[in-house]
Amino acid sequence: MFKKLDEIKVLRDPIHGYIHVEYDVIWKCINSREFQRLRRIKQLGASYMVYHTAEHSRFAHSLGVYEIVRRMIVENNDIGSTISEKDAIAVMLAGLLHDIGHGPFSHAFESICQTHHEEFTERIILEDTEVHRIIEKTQAGLSKSVASIINHTHKNGLLTQMISGQLDADRMDYLLRDAYFTGTKYGEFDLERVLRTIRVRDGIMVVKETGIHTIEDYIMARYHMYWQVYYHPTARSYEIILSKLFERLRDCEKENSKVLKEVTMFNAFIRNKDISVNDHYLMDETTCFYGFSLLLESKDEILKDLSYRLLTRNLFKYVDITNDKMKETKKNQLIKKGYDIRYYFHVDKVEQRPYQPYKGDDLSAIWIVMNNGSIKELSEASDIVHSLVHGENKNEEKMFYPVG
Ligand code: ZN
């Protein structure tokens, strides 16, 4: 038996109405220092440079993922009756903590500092942190169980499917939340109906055939959100400047290491050596912005300019690349104007598929249980999804550079 709170805690949330917390361990983890840090990391990185209200945090999203997992267990009898209380607690914690290793500006920071949030998520859950101590005090060995659900090694695949499959609590929360906070309508779909039509067959999460239109809507929501929000070129432009700034800092370590003394908070990440969970704890978006404002006085002209651009939203322009000659012509123009093209020219290619069909023993496919009891993979059961999966891959190539 796991300890419950004397009174259920309810937190107001615009997506779910309320987030319900019944167990003591969940409440303590929410109040831990590592989880509270997520308030200082935005869910959508630079998207608020395009959609100005998209300032919601990973803290809010993580609570939302937890709530969807909780509802899957409490409201869906097929799931609730298949898993033990221990597994229920472990998967709720996995939902709550799945993003705890995220750094600032999500992927832009990771690519340049060569750190991966998955690695830090696992370390924060397993190393000597406040979150780890809370979980282990509740039940010895529980933290390993939580980490194994997140890194897909738990023996019960259903638990992993619930938080990181293609129809999981993570995606369902971020689509609805990002649509709400960007003010776009593309990400909306009927979460209530999805939760009602989920079933468990042979230990795997499936969806009833009658729920297929809701799932099609969910896949289309992803498709539109990618192009309208996640891959928006203006947000990409901001992220490119961020990456170039960190790239410049890294190069300064070899070319002019004195500059690193101006912004010591970045040193562990620039050198990428022995980054501790405490270095990670201190690195959030507030820290980054303080660093950028210090760089306004930098002795390095490139750092000074790039940080000014970030703080004033003076972004790089972008155009579609239609032939190879365009890139060379633009690079030459920039060189003539005196720009160092290592930091002032960038080519970016993006492509996406809103749904990947079943591959090997991949639990992440979406399965439909047909009215006659047979089970089909989603792209075989839906004509719309079939055409999305087998149609031409949509991709875009753009170049980014400063104007003037
Ligand atoms: Zn997430």
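Scroll up a little and you will see the structure.
What counts as what
Residues numbered from 1 in each chain as written. Predicted model: local features only at pLDDT ≥ 70, side-chain atom pairs only at ≥ 80, totals over all residues. Heavy atoms only, no water. Salt bridge = Lys/Arg side-chain N within 4 Å of Asp/Glu carboxyl O. Buried < 20%, exposed > 50% of the residue type's maximum accessible area, 1.4 Å probe, protein only. Donors = N, O, S within 2.8 Å, 3.2 Å for Na, K, Ca; no water. Tetrahedral: all angles 85-135°; square planar, octahedral: opposite > 155°, others 65-115°. 1 Å grid on protein atoms, 1.4 Å probe; cavity = no way out; pocket = protein on both sides within 12 Å on 5 of 7 lines; lining within 4 Å. Points joined across faces, edges and corners; volume = space filled by probe spheres on them. Helix = DSSP H or I, 4+ residues; strand = E, 2+ residues; numbered from the N terminus. Nonpolar A, V, L, I, M, F, W, Y, C, P; charged D, E, K, R; others polar. Domains from an automatic or database assignment. Pairing = 2+ DSSP bridges. Axes fitted to C-alpha atoms, helices over the stretch in contact; angles between N-to-C directions. Arc of directions from axis to C-beta. Contact = heavy atoms within 4.5 Å.

Moving on to the pattern of salt bridges. Evaluation of the coordinates by the stated rule reveals 31 salt bridges. Here Arg342 makes a salt bridge to Asp340, at a shortest N to O gap of 3.0 Å. Since its relative accessible area comes to 39%, Arg342 is described here as partly exposed. Salt bridges here are not isolated pairs; linked through shared partners, they connect Arg248, Asp251, Lys254, Glu255, Asp300, Asp340 and Arg342.

To continue, consider the coordination of the zinc ion. Within the protein, His61 (NE2), His98 (NE2), Asp99 (OD) and Asp170 (OD) serve as the donor atoms for the zinc ion, at 2.2 to 2.3 Å. Angles of 80 to 172° at the metal separate the four donor atoms of the zinc ion, which places the site in the irregular class. If you list the donors of the zinc ion from N- to C-terminus, the spacing comes out as H-x36-H-D-x70-D. Grouping residues by exposure puts His98 and Asp99 together as buried.

Attention now moves to empty space enclosed by the protein. Counted by the stated rule, this structure contains four cavities of 30 Å³ or more. Its volume calculated, the largest cavity comes out at about 80 Å³. Lining the largest cavity are Gln161, Gly165, Gln166, Leu167, Met205, Val206, Val207, Leu363, Ser364, Ala365, Ile366 and Trp367. Tallying contributions element by element places strand β4 (residues 204–208) first for the lining of the largest cavity, with three residues. Across the lining of the largest cavity, the residue classes tally to eight nonpolar, four polar and no charged. Counting the residues that make up the lining of the largest cavity, at least three belong to each of domain 1 (4–183) and domain 2 (195–210 + 316–404). The computed volume of the second largest cavity comes to approximately 60 Å³. Contributing elements (two or more residues each) for the lining of the second largest cavity: α6 (106–113) and α7 (117–126). Across the lining of the second largest cavity, the residue classes tally to five nonpolar, six polar and two charged. Taken domain by domain, the makeup of the lining of the second largest cavity includes at least three residues from each of domain 1 (4–183) and domain 3 (233–314).

A word on the sheet that holds β4. Pairing is mixed in the open sheet, where four strands are placed in the order β3-β4-β7-β8. Since the sheet does not close on itself, it has two edges, and those belong to β3 (198–201) and β8 (375–377), each with one partner. Neighbour to neighbour, the strand axes of the sheet diverge by 45° on average, direction disregarded. Pairing of strand β7 (residues 367–369) with β8, which is carried by three bridges, proceeds in the antiparallel orientation. Note that in β8 the partner of Trp367 across the bridge is Glu377.

All of the buried residues along helix α8 (residues 130–138) are Val131, His132, Ile134 and Ile135. The arc enclosing the buried residues of α8, seen along the axis, measures out at 165°, which places them on a common side. Summarising the contacts, the buried residues of α8 are in contact with α1 (24–30), α2 (33–36), α5 (85–97), α7 and α9 (142–150).

Moving on: the layout of surface pockets. Volume-wise, the largest pocket comes out at about 1,200 Å³. If you trace the largest pocket, you find 42 residues lining it, with Arg58, His102, Ser106, His107 and His117 closest to the centre. The element contributing the most residues to the lining of the largest pocket is helix α14 (residues 233–255), with seven residues. Its residues assigned to classes, the lining of the largest pocket shows twelve nonpolar, 17 polar and 13 charged. There are two domains that each give the lining of the largest pocket at least three residues, and those are domain 1 (4–183) and domain 3 (233–314).

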